[in-house]
Each structure stands twice: as structure tokens, then as C-alpha cells.
Amino acid sequence: MSQLSGGEIVELSKRQQHIIEIVKEDGPITGEQIAERLNLTRATLRPDLAILTMAGFLDARPRVGYFYTGKTGNELLTETIKKYKVQDYQSRPIVVEESTSVYDAISTMFLEDVGTLFVVDHHSCLTGVLSRKDLLRASLGKQDLAAIPVHIIMTRMPNITVCRRSDLLIEVAKQLIDKQIDGIPVVKDTTQGLEVTGRITKTTITKVFVELVMDDQV
């Protein structure tokens, strides 16, 4: 196989041709992932990647990896973002029980510095969600907040948006925007109900996209 580059013919080795096929099929892909596919070290592969990049067969983008030059930058970013899964970015869920008082829920929200609390039963299964607005609304007036359980004011199913570990992060981001909410519980199906295993928030999404743009490691 050969390719014109700067007026010269570039003869490619079988390994370099294999690299191009891998990137065509699965790009964007990192150098580490290519090396793993070929059962080689990243250091061994580095000269081949340099040759293919200088010859114009491949290009590289920070944080994303190598891609075949037939793809635009926007296409590359889109493909990369669509590979991100909830399971790789979910954080610890902040939960309270149904019998927790509104006063204690407010305290938990401030202490944990979160905008959403998930309400669970004794099986750790989701029964409701509490937002800042819910707690603020309940605190208006002269009610005894220590005497009001959160199950009275929480949002209940089926009006709760949830996601699973295998869901795409971009799809969850769209739900956050469409529903105008701050956080979504990550759940798994059990015989008792939807067990809460994590959370995805607007802050999570923002951090992921900022890292994608700012990280200069290929």
C-alpha cells in the first residue's frame, strides 16, 4: 500500500496498514487502545503512529485519540461523546428515608452540598425525589418542619426521571435539560423496586465536557 504525501510515495508496513483499518473501524481511538488490539506496547507503536500522522493518514485530537482523516472535528467529538456511559461518571447518591423530617432533609442538602435528594424505602429503593424548590416551598409559613416527613412533599413515581448504568451520558444530559432538573438517580432493577446506586447531575455533565475540551493528553 502506498500514499502520496508531499509529492513522495509512502510505503506502509503491514502493521501500519492494520493500524489504519483499526482506526477506520473504531476511531476515534487512543494509542493505548490500538496497542492493546495489536498486543504491543504504546512505546513500540509510537513511531508507526507518528509516521501515519505525518503522512496524513491519521490525525489526533486531545483527550479523544486518533481518527481517520476523512472525519471532521465535529463528527469526531460527536462520536466520542456518544461513547460515554453513565457508569463511568456516576457519583455517590445522597439519600434520605421516607420518614426523614423536612428539617433534617434541608440540613442534609446543605451539609452534602447537593441540589437533589433521593428518597428511599428500607430496601434502598427509590420512592421519591426532593429538590431545593420542594424544601423551600415546605418551609414557607409557620409549619413545624421537624414534624413533617418528606414523603408528604416529595415528587413521586411515575413523575421521576431515572437512568441506568448502561445509558449514554449524552442522553441523560438531554433529559436534564428537557425536564429542567438538577440531578437524575442511577437505578438498577430489583425484585423490591428501583434500587438507587448513583446519581448524575448538571455539574457532572459540565465537568465531563470541560475535561474533553481542556485535556491535552491523546
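Just so it is clear, the model here is predicted, and its values are computed rather than measured.

A. Geometry of the side chain of T127. In this structure, T127 sits in strand 7 (residues 126–131). Residue T127 is classed as buried on the basis of its relative accessible area of 16%. Polar contacts involving the side chain of T127 include one to the side chain of E98, which spans 3.3 Å. If sequence neighbours within four positions are ignored, T127 has contacts with E98, V119, V120, D121, M154, T155, R156, M157 and I160.

B. The arrangement of helix 5 (residues 102–112) in detail. Every buried residue of helix 5 is listed here: V102, A105, I106 and M109. End-on, the buried residues of helix 5 take up no more than an arc of 100°, which puts them together on one face. Buried-residue contacts for helix 5 involve strand 6 (116–120), strand 7 and helix 6 (132–139).

C. Examining the pairing of strand 9 (residues 183–189) more closely. Summarising burial for strand 9: 5 of the 7 residues are buried, a large majority. Relative to strand 10 (residues 194–201), strand 9 is paired through 7 bridges, and the arrangement is antiparallel. For P185, the partnering residue across the bridge sits in strand 10 and is R199. Hairpin connection between strand 9 and strand 10: a loop of 4 residues separates the two successive antiparallel strands, and G193 in this loop has a positive phi of roughly 145°.

D. Just the pattern of salt bridges, in detail. Following the criterion strictly, the structure yields 9 salt bridges and no others. Between R42 and E32 there is a salt bridge, and its shortest N-O distance comes to 3.8 Å. Note that R42 is positioned in helix 3 (residues 42–54) and E32 in helix 2 (residues 31–37), a separation of 10 residues in sequence. Overall, the relative accessible area of 19% leaves R42 in the buried class. Measuring nitrogen to oxygen at the nearest pair gives 3.9 Å for the salt bridge that ties D182 to K202.

Analysis parameters
- Residues numbered from 1 in each chain as written.
- Predicted model: local features only at pLDDT ≥ 70, side-chain atom pairs only at ≥ 80, totals over all residues.
- Heavy atoms only, no water.
- Helix = DSSP H or I, 4+ residues; strand = E, 2+ residues; numbered from the N terminus.
- Buried < 20%, exposed > 50% of the residue type's maximum accessible area, 1.4 Å probe, protein only.
- Polar contact = N/O pair within 3.5 Å; in protein donor to acceptor, adjacent residues only side chain to side chain.
- Contact = heavy atoms within 4.5 Å.
- Arc of directions from axis to C-beta.
- Pairing = 2+ DSSP bridges.
- Salt bridge = Lys/Arg side-chain N within 4 Å of Asp/Glu carboxyl O.

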